[in-house]
Amino acid sequence: MEIWHHTLGIAERLFRHTWHLVMFLLVMTCLDAPSHASGRRDDAQISIADNRPGYRSRRNYADMAAAVNAATEHTTIHVNEGVHVIDNPVVLARPGVRIQGQGRERTIVRPRNAGKPMFEFKADNVGVENLSMDAELENGRARANFAVHIKEGYSHSKVLNTQISNTGASAIIGFEISDSKVVGNIILNSGDDGIQKRGHRLTISNNIIVDYFDEAIDVLGSDVVVTNNYVKSGRIGIVVGRATNPVVACNTAEDHFHGGIFVASNGRGTVSHNTVKDSVESAYALNSLEVIDSNRAKGNHRVGFEIRNVREGDIVRNAVVGAR
């Protein structure tokens, strides 16, 4: 019996010590875990990772300006979740530098300075992706003019999977640029155009653009590809002008008070499988194209299709429902 009571006493003490250890570890785990109740992390950090094969270095920085200044060519600046207020413009001036957030809903960037771009691209092969840019200042009284300004003469820029809202002028702008891609973005409430670009080999695909003063997409140049975009609520939906061999396909344009899709080419190019709803004036104004195929105009339009200067090519399977 004494052996049994002694053994039981040892078991009870062991249980109490084990329970205290478990509770201590649980408390420490809760203290170490980040809180997501507010959707914002107070320990938000910015780090740089080298993209070159064989390099695995990673350095942390307190703010985006310090990280950009320290970035060498071909590095990625990782921006953790949280709200990051920047002294804009943030200038990407070294080739191959990318800024990558943790998602549109998790990494939010806001400007400190009104009337200036949030980001300027001044090098080849630079870009931003997977974050949100709110161009309105924290006091709500002013805005940055552009979210992304691509400077003249640079190539291979990218804006991917990003949300842009409340710009004073165009959300994304760039003249005399080449091989540029704007893909998978959400653009809301632009003071001028959603996307305004001039150049060569420009791709604008899979974007949602809503509420803009002028056009959702306004591009001029050669080998322009505008596909699978949804645009709504502005003056004109999509304008592609003075274009060499444009492809405008599978887009939807809704609720415009001047027109839906306007494309002017030099005798080649394709406009196909687009839908325009409620453009008030002309749903489509198409000039000097080679293929106009399977486009639809529905709802409130003065004219369904204005087609000019097609000398050779195919105009097939297009339909108008409800034009005046």
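Note that the structure is predicted; figures quoted are calculated from it, not measured.

Engineer: Break down the nonpolar core for me, with residues and values.
Structural biologist: In this structure, M64, I77, I99, F119 and I172 are the most contacted members of the largest nonpolar core, which totals 62 residues. Top element by residues in this core is strand β18 (residues 215-227). It accounts for five residues.

Engineer: Go over the pairing of strand β4 (residues 82-86), please, and point to the residues and values.
Structural biologist: Along β4, the buried face is formed by G82, H84 and I86; none of V83 and V85, which line the opposite face, is buried. Bridge count between β4 and strand β7 (residues 107-111): five bridges; the pairing is parallel. From the neighbouring strand, V85 faces β7, where its bridge partner is R110.

Engineer: If you had to explain the environment of T167 to someone new, which residues and values would you point to?
Structural biologist: Within the secondary structure, T167 sits in the loop between β13 (163-165) and β14 (172-183). In this view, T167 contacts A135, R143, A144, N145, F146, A147, N189, S190 and G191; residues no more than four positions away in its chain are not counted. At 2.8 Å, the side chain of T167 and the backbone oxygen of A169 are in polar contact.

Engineer: Which residues make up the pairing of strand β16 (residues 195-205), and what are the values?
Structural biologist: Across the eleven residues of β16, eight count as buried, placing the element largely inside the fold. As paired elements, β14 and β16 share nine bridges and run parallel to each other. What sits directly across from I173, in β16, is Q196. Taken together, the ten bridges between β16 and β18 define a ladder with parallel strand orientation. Bridge assignment links L202 to a residue of β18, and that residue is V224.

Engineer: Describe the packing of aromatic side chains, with residues and values.
Structural biologist: A complete count under the given rule lists one aromatic pair for this structure. For the ring pair Y284 and F305, a centre distance of 4.5 Å and an interplane angle of 0° mean the geometry is stacked. Of the two residues, Y284 is situated in strand β24 (residues 280-287) and F305 in strand β26 (residues 296-308); the sequence distance between them amounts to 21 residues. Side by side, Y284 and F305 carry an identical accessibility label, which is buried.

Engineer: Would you mind going over the confidence of the model for the protein chain in detail, with residue names and values included?
Structural biologist: Looking at the protein chain, pLDDT values average 87 and 84% of them are 70 or higher. Note that residues 1-44 has pLDDT below 50 and, in this model, eleven contacts with residues that lie over four places away or in other chains.

Engineer: Talk me through unusual backbone geometry; I want residue IDs and the actual numbers.
Structural biologist: Between N88 and P89 the backbone carries a cis peptide bond, its omega angle lying at 5°. Locating P89 in the fold gives a position in the loop between β4 and β5 (90-92). For D223, which is not a glycine, the phi torsion comes out positive at approximately 50°. Not every positive phi belongs to a glycine, and R242 is a case in point at roughly 45°. Within the secondary structure layout, R242 lies in strand β19 (residues 230-244). Relative accessible area serves as the criterion here: at 68%, R242 is assigned to the exposed category.

Procedures and definitions
- Residues numbered from 1 in each chain as written.
- Predicted model: local features only at pLDDT ≥ 70, side-chain atom pairs only at ≥ 80, totals over all residues.
- Heavy atoms only, no water.
- Core = buried A, V, L, I, M, F, W, Y, C linked by side-chain atoms within 4.5 Å.
- Buried < 20%, exposed > 50% of the residue type's maximum accessible area, 1.4 Å probe, protein only.
- Helix = DSSP H or I, 4+ residues; strand = E, 2+ residues; numbered from the N terminus.
- Pairing = 2+ DSSP bridges.
- Contact = heavy atoms within 4.5 Å.
- Polar contact = N/O pair within 3.5 Å; in protein donor to acceptor, adjacent residues only side chain to side chain.
- Phe/Tyr/Trp six-rings, centres within 6.5 Å; stacked < 30°, edge-to-face > 60°.
- pLDDT = per-residue confidence, 0-100.

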